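Tertiary structure, described
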Amino acid sequence: MFRIGTGHDTHRLVAGRPLILGGVLVESDRGTDGHSDGDALTHALADAILGAVCEGDLGVHFPDSDAQWKNADSLQLLARVYWLARERGYHLVNADATIMLERPKLREHIEPMREPLATTLQVDLSCVSVKAKTGEGLDAVGRGEAVTVDAVVLLQQS
Ligand SMILES: [Zn+2]
């Protein structure tokens, strides 16, 4: 039994906030606005897993209104979401995500991002793909105002 899920997340980029993606702090003059640590990559993956097991989205499980998730470590949120899937007998087959960010260039940060994600999701590094693109100077991403991530996961019931 296979289940597929998609996730999408956007965060506004503002001065004076850290830019964290996949649990990795990326050096940048702007970071993500948001209630938790604003880790759009981890949020999109968590939403994809929730989608695959038909469990709503991150906002349902970790509401903005709840102070305990303020500045939360998103890898821990992802771990809790994955535990929910594991409880239903599912494990991750693979995950694929695309980050849309104008700057800085993420090439050197991709491998360090994959490692904590693979560890959190209890899979081999070869099962977690992270790609990065720019907005080509267009729209909110292209103007450097936002980071957007799309993710897809495949789960299998074992
Ligand atoms: Zn988010």
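The structure we're discussing is the one just above.
Residues numbered from 1 in each chain as written. Predicted model: local features only at pLDDT ≥ 70, side-chain atom pairs only at ≥ 80, totals over all residues. Heavy atoms only, no water.

**Quick word on the environment of Gly142**
Along the polypeptide, Gly142 turns up in helix α5 (residues 139–142). As a C-alpha pair, Gly142 and Glu102 span 40 residues in sequence and 5.4 Å in three-dimensional space. (Helix = DSSP H or I, 4+ residues; strand = E, 2+ residues; numbered from the N terminus.)

**Topic: the sheet that holds strand β1 (residues 2–15)**
One open sheet holds the five strands; their spatial order is β4-β1-β7-β5-β6, and the pairing between them is mixed. Two strands close off the open sheet at either side, each with one partner strand: β4 (30–32) and β6 (128–133). When strand polarity is set aside, the average angle formed by the axes of neighbouring strands in this sheet is 20 degrees. Inspection of the sheet shows strand β5 (residues 90–100) paired to strand β7 (residues 146–157) by ten bridges, in the antiparallel sense. Among the inter-strand pairings, Asn94 is bridged to a residue of β7, identified as Leu154. Here helix α1 (residues 40–52) sits on the sheet in contact with β1, β5, β6 and β7, set at roughly 155 degrees to β1. Lying over the sheet, helix α3 (residues 74–87) contacts β5 and β7, oriented at roughly 145 degrees with respect to β5. (Pairing = 2+ DSSP bridges. Axes fitted to C-alpha atoms, helices over the stretch in contact; angles between N-to-C directions. Contact = heavy atoms within 4.5 Å.)

**Describing the coordination of the zinc ion**
Bound to the zinc ion on the protein side are Asp9 (OD), His11 (NE2) and His43 (ND1), at distances that span 2.0 Å. Positions of the donor residues of the zinc ion, expressed as sequence spacing, correspond to D-x1-H-x31-H. The pair formed by Asp9 and His11 is uniform in burial state, with each residue classed as buried. (Donors = N, O, S within 2.8 Å, 3.2 Å for Na, K, Ca; no water. Buried < 20%, exposed > 50% of the residue type's maximum accessible area, 1.4 Å probe, protein only.)

**Notes on the pairing of β5**
Note: β5 against β6, six bridges, orientation parallel. Each residue of the ladder has a partner; that of Ile99, found in β6, is Ala132. Note on the crossover from β5 through helix α4 (residues 110–120) to β6: the handedness is right-handed. (Right-handed = clockwise from strand over helix to strand, strands pointing away.)

**Focus on the side chain of Ser74**
Here Ser74 is to be found in helix α3. For Ser74, the side chain forms a polar contact with the side chain of His43, separated by 2.7 Å. Look past the residues within four positions of Ser74 in its chain and what remains in contact with it is Ser36, Asp37, Asp39, Thr42 and His43. (Polar contact = N/O pair within 3.5 Å; in protein donor to acceptor, adjacent residues only side chain to side chain.)

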